[in-house]
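Architecture at a glance
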Amino acid sequence: MSVTGNFDPDDFTARVGLSPARTWRRGERSARDPQLAGRTVHACDHWAFGLTERPEFDLELLVDELLTLAQKGLSALGQAVADLGLHLEVTVVVKWAPATTASPALHLRGRHLAILGSLGAKVDIDLFADC
């Protein structure tokens, strides 16, 4: 779950009451990718809350876990995003080896969609088959 736009990530954290997994400020140089460290400059402020990467076949469980973890701050998160004119996106990244595993399944229940819709969130699903 990531929020982007023009804002102070520390103020945003205090406002929503959730501890982010990572943040950065517009204009900071990226240190995340060793090949690009110091060469990529972030174009906007960023605040991310999420789960650590792990193997899981049923992605619905991950979406449910993310929303459950964020539940205490979802109302404040949605309000802050709306008040500050920010962008909220939930990203699911899937990597799998088709030769050895079945493709993962993603089901979103009506309550998941209702929560994400009430937040004005976009959903981005990235699928990477390791051939």
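Everything discussed here concerns the structure shown above.
To keep things clear, this report deals only with the structure shown in the data block. Values in this document were obtained by computation on a predicted structure and should not be read as measured data.

1. Section: the packing of aromatic side chains
- Following the criterion strictly, the structure yields three aromatic pairs and no others.
- Ring centres of Trp-47 and Phe-49 lie 6.3 Å apart, and the angle between their planes is 5 degrees; this geometry places the pair in the stacked category. Per residue, the accessibility class of Trp-47 equals that of Phe-49, and both read buried.
- What links up through ring pairs into an aromatic cluster is the set Phe-7, Phe-12, Trp-47 and Phe-49.

2. Focus: helix 2 (residues 59–84)
- If you check helix 2, its first and last C-alpha atoms are just 30 Å apart, much less than what 26 residues at 1.5 Å a residue would give, namely 38 Å.
- For helix 2, the principal kink sits at Gln-71 and spans about 75 degrees.
- Just beyond helix 2, the residue with positive phi is Gly-85, at close to 65 degrees.

3. What about the sheet that holds strand 1 (residues 2–5)?
- Sheet architecture is open: five strands sit in the order 2-3-1-4-5, paired in mixed fashion. Among the strands making up the open sheet, the edge pair consists of strand 2 (22–24) and strand 5 (122–129). Taking the axes of each pair of neighbouring strands and ignoring which way they run, one obtains an average angle of 20 degrees across the sheet.
- Pairing of strand 4 (residues 87–96) with strand 5, which is carried by eight bridges, proceeds in the parallel orientation. Residue pairing in the sheet places Val-93 in a bridge with Asp-126 of strand 5.

4. Concerning the packing of helix 2 against helix 3 (residues 110–119)
- For the pair helix 2 and helix 3, the least separation of the axes is 11 Å and the interaxial angle reads 35 degrees. Taken as a pair, helix 2 and helix 3 cross one another with a handedness that is left-handed. Contacts from Glu-60, Val-63, Asp-64, Leu-67, Leu-74, Leu-77 and Gly-78 in helix 2 reach Arg-111, His-112, Ile-115, Leu-116 and Leu-119 in helix 3.
- Class assignment of the residues belonging to the contact of helix 2 with helix 3 gives a composition of seven nonpolar, two polar and three charged.

Scoring rules and cut-offs
Residues numbered from 1 in each chain as written. Predicted model: local features only at pLDDT ≥ 70, side-chain atom pairs only at ≥ 80, totals over all residues. Heavy atoms only, no water. Phe/Tyr/Trp six-rings, centres within 6.5 Å; stacked < 30°, edge-to-face > 60°. Buried < 20%, exposed > 50% of the residue type's maximum accessible area, 1.4 Å probe, protein only. Helix = DSSP H or I, 4+ residues; strand = E, 2+ residues; numbered from the N terminus. Expected span 1.5 Å × (residues − 1). Bend = angle between axes of the 7 residues up to and from the residue. Pairing = 2+ DSSP bridges. Axes fitted to C-alpha atoms, helices over the stretch in contact; angles between N-to-C directions. Left-handed = near helix turned anticlockwise from the far one by under 90°. Contact = heavy atoms within 4.5 Å. Nonpolar A, V, L, I, M, F, W, Y, C, P; charged D, E, K, R; others polar.

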